[in-house]
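Fold and contact review
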Amino acid sequence: MSDQNPVFIPGPTNMPEALRKAVDMPTMDHRSEAFAEILHPARDGVKAVVKSDHAEIFFFPSTGTGGWETALTNTLSAGDRILAARNGMFSHRWIDMCQRHALAVDVVDVPWGEGVPVDRYEEILTADRTHQIRAVLVTHNETATGVKSDIAAVRRALDAAGHPALLFVDGVSSIASMDFRFDEWGVDVAVTGSQKGFMLPAGLAIVAFSKKAIEAVETARLPRTFFDIRDMRQSYQGGGYPYTPSVGLLNGLNRSCALLQAEGLENVFARHARIAGGVRAAVRAWGLELCAASPDLWSDTVSAIRTPDGFNATDVVSHAARHYGVAFGVGLGDVAGKVFRIGHLGSLTDVMALSGIATAEMCMADLGLEITLGSGVAAAQEHYRSSRADTSRLAA
Ligand SMILES: *Cc1c(COP(=O)(O)O)cnc(C)c1O
């Protein structure tokens, strides 16, 4: 694998040089005031990225998975009912975590490639007249299938049912790359990690809690120690941390939030949409299909591409690594061998995306698929030429 090539996996993502440098710090005493000057701006930075005035932001030395556990253990008790849909590997894993914590999950299975079934959610919530369901889980962007779900619609379903359940959103592969509206959507806990939209190394679980979620902490009885946000909150008030923080990553997170704001959040989202559009144009030109079942579900951060029956999609990924030193994502779970994934989030330009599309073409042609070299690249080039606003800043 060449370290000169960008990666096209949907996390960890490519790191801008400025962020690599920001993470590389001399040792600091985390009980010093200098640490508070890193911690609090990072909390403010994330709050702005998720568009919230009210959320409390917490960081754990962990990953997105630890963020899930933070959401569950701080707000719920064994036996609590949870509503969740399984439409890909990540939603599946979060459900599995709930079950291992002895939560009673109402699982709605939907075909992989579909989004969260909002109508079904509304039916279930409406039927739950005694409000036994304590939390509703949604994976905003199912990274395994390249499917985006409509969080605003889930909020409307909760409101239409007059249901007080907490709304938990996995935003690991959407936050900082796709529009995320914590306050407007009435999200109670949002979860992400440092290594996707924030373009940093893995190592931070980043979670946002609403006031309502914070209140639930007092009655929640699931065991928690490392992920107890009461300890975090108390330490933050004194500018400190309940144990040793990942200072370098938090410093990087500050720089990352500053980079995102300098580009402009809306420009960041538009860049992701434009780059994704080019990848999708290439997929069409190849005569292939996305795993995502319809255009409203298309993810702007990752595309899962179906290969023809009888062809092992994983071969594209291993061939790209071996012959061209380029990383794509394999299919996971139900779609293993059926799709390969092009991650297009984080520090990425149109030009970088073109190199990934060109590499995917070479691999598919090498492996005997009927792909005309240059066809996907040309389609993406047309898309980038026509969709790049003259005023857009050169970003990332
Ligand atoms: C990557 C990812 C996760 C897992 O995050 P880790 O940081 O690897 O623990 C969870 N959910 C989604 C949607 C993801 O893309």
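Residues numbered from 1 in each chain as written. Predicted model: local features only at pLDDT ≥ 70, side-chain atom pairs only at ≥ 80, totals over all residues. Heavy atoms only, no water.

**So, the site of the ligand**
Taken together, 13 residues lie near the ligand, and T63, T65, T143, D170 and K196 sit nearest. A distance of 2.5 Å separates an oxygen atom of the ligand from a polar atom in the side chain of T63. At 2.7 Å from an oxygen atom of the ligand is found a side-chain nitrogen or oxygen belonging to K196. Contact with the protein chains hides 88% of the accessible area of the ligand, taken as 380 Å² for the molecule alone. With respect to the pocket detection grid, the ligand is positioned in the second largest pocket. Sorting elements by how many residues they give to the shell around the ligand places helix α3 (residues 64–75) first, with three residues. (Near = heavy atom within 4 Å. Polar contact = N/O pair within 3.5 Å; in protein donor to acceptor, adjacent residues only side chain to side chain. Areas by Shrake-Rupley, 256 points an atom, 1.4 Å probe, with all protein chains shown as cover. 1 Å grid on protein atoms, 1.4 Å probe; cavity = no way out; pocket = protein on both sides within 12 Å on 5 of 7 lines; lining within 4 Å. Sits in = over half its atoms within 2 Å of the grid points. Helix = DSSP H or I, 4+ residues; strand = E, 2+ residues; numbered from the N terminus.)

**A look at empty space enclosed by the protein**
Inspection of the entire model under this criterion finds three cavities of 30 Å³ or more. Roughly 40 Å³ of internal volume is contained in the largest cavity. Lining the largest cavity are A84, A85, S91, W94, I95, L137, V138 and T139. Of all the secondary structure elements, the ones that give two or more residues to the lining of the largest cavity are β2 (81–86), α4 (89–100) and β4 (133–139). Here the residues of the lining of the largest cavity sort into six nonpolar, two polar and no charged. (Points joined across faces, edges and corners; volume = space filled by probe spheres on them. Nonpolar A, V, L, I, M, F, W, Y, C, P; charged D, E, K, R; others polar.)

**Observations regarding the side chain of D170**
Looking at the secondary structure, you find D170 in strand β7 (residues 166–170). Side chain to side chain, D170 and W68 meet in a polar contact 3.1 Å long. A distance of 2.8 Å separates a polar side-chain atom of D170 from the backbone nitrogen of V172.

**Section: the sheet that holds strand β1 (residues 56–61)**
Strands sit in the order β1-β9-β8-β7-β4-β2-β3 across an open sheet of seven strands; the sheet is mixed. With one partner strand each, in any of the chains shown, β1 and β3 (104–109) form the two edges of the open sheet. Between one strand axis and the next, the sheet turns through 20° on average, direction left out of account. Packed onto the sheet, α3 meets β1, β4, β7, β8 (189–193) and β9 (204–209) and runs at close to 35° relative to β9. (Pairing = 2+ DSSP bridges. Axes fitted to C-alpha atoms, helices over the stretch in contact; angles between N-to-C directions. Contact = heavy atoms within 4.5 Å.)

**As for the environment of R230**
Checked against the element boundaries, R230 lands in helix α8 (residues 229–237). According to the relative accessible area criterion, R230 is partly exposed, its value standing at 37%. Put simply, R230 and L39 are 191 residues apart on the chain and 17 Å apart in space, counted from C-alpha to C-alpha. Not counting the four nearest positions on each side in its chain, R230 is found in contact with V217, E218 and R224. A distance of 2.8 Å separates the side chain of R230 from the side chain of D228, its partner in a polar contact. (Buried < 20%, exposed > 50% of the residue type's maximum accessible area, 1.4 Å probe, protein only.)

**Some remarks on the sheet that holds strand β13 (residues 339–343)**
With antiparallel pairing, the four strands of this open sheet are ordered in space as β10-β11-β13-β12. With one partner strand each, in any of the chains shown, β10 (289–290) and β12 (329–330) form the two edges of the open sheet. In this structure, strand β11 (residues 302–306) lies alongside β13, joined through five bridges in antiparallel fashion. Bridge pairing in β13 links V302 to G343.

**Section: the environment of T75**
The topology assignment puts T75 in helix α3. Judged by its relative accessible area of 1%, T75 falls in the buried class. Linking T75 and A220, residues 145 residues apart in sequence, is a C-alpha distance of 4.9 Å. For T75, the residues in contact, after removing those within four places along its chain, are R134, L166, F168, F209, A213, A216 and A220. Only 2.7 Å separates the side chain of T75 from the backbone oxygen of A71, close enough to count as a polar contact.

**Observations concerning unusual backbone geometry**
Across the junction of G11 and P12, the peptide omega takes the value -5°, indicating a cis bond. With respect to the helices and strands, P12 occurs in the segment before α1 (17–23). Of note in the backbone geometry, A102 takes a positive phi value of approximately 60° without being a glycine. Counting through the fold element by element, A102 comes out in the loop between α4 and β3. On the basis of relative accessibility, which here comes to 45%, the residue A102 falls in the partly exposed class. Positioned with a positive phi, M199 is a non-glycine residue whose angle comes to about 65°. Considering the arrangement of structural elements, one finds M199 in the loop between β8 and β9. For M199, a relative accessible area of 5% puts it in the buried group.

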